[in-house]
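Observations on chain architecture
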Amino acid sequence: MDRTGIIYECMRCGSTVPSEELELRGGEIKCIICGYRILKKVKPPVVKRVKAR
Ligand SMILES: [Zn+2]
């Protein structure tokens, strides 16, 4: 599995929370640091490898 998890960024404290972490907590979109419910979806800083032929 090379599916990269989605990262959420808290709009209040700025913490980044991986989606797996949220799933462990009942799947609720909620900051694990401050409990704020508005999180922005951000892409993890992963360089996409494009296979050249
Ligand atoms: Zn927060």
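The shown structure was predicted, so the numbers you read here are calculated from the model rather than taken from an experiment.

1. Let's talk about the pattern of salt bridges
- Scanning the entire structure with this criterion turns up one salt bridge.
- A salt bridge links Arg-37 to Glu-28, with the shortest nitrogen-to-oxygen separation between them at 3.5 Å.
- Classification of Glu-28 by relative accessible area gives partly exposed; the value is 37%.

2. Structural notes on the coordination of the zinc ion
- Distances from the zinc ion to its protein donors, namely Cys-10 (SG), Cys-13 (SG), Cys-31 (SG) and Cys-34 (SG), fall within the range 2.2 to 2.3 Å.
- Classification of the site at the zinc ion rests on its four donor atoms, whose angles at the metal span 107 to 116°, yielding the label tetrahedral.
- Along the chain, the residues donating to the zinc ion fall in the pattern C-x2-C-x17-C-x2-C. In this pair, Cys-10 is assigned in strand S1 (residues 7-10) and Cys-34 in the loop between helix H1 (19-24) and strand S3 (39-42), connecting sequence segments 24 residues apart.

3. Concerning the pairing of S1
- Pairing geometry for S1 and strand S2 (residues 16-18), over three bridges, is antiparallel. Bridge pairing links Ile-7 to Pro-18 in S2.
- Where S1 folds back on S2, the antiparallel hairpin that results is connected by five residues, among which Gly-14 adopts a positive phi of roughly 80°.
- For S1 and S3, the ladder comprises four bridges, and the chain directions are antiparallel. Note that in S3 the partner of Tyr-8 across the bridge is Lys-41.

Calculation criteria
- Residues numbered from 1 in each chain as written.
- Predicted model: local features only at pLDDT ≥ 70, side-chain atom pairs only at ≥ 80, totals over all residues.
- Heavy atoms only, no water.
- Salt bridge = Lys/Arg side-chain N within 4 Å of Asp/Glu carboxyl O.
- Buried < 20%, exposed > 50% of the residue type's maximum accessible area, 1.4 Å probe, protein only.
- Donors = N, O, S within 2.8 Å, 3.2 Å for Na, K, Ca; no water.
- Tetrahedral: all angles 85-135°; square planar, octahedral: opposite > 155°, others 65-115°.
- Helix = DSSP H or I, 4+ residues; strand = E, 2+ residues; numbered from the N terminus.
- Pairing = 2+ DSSP bridges.

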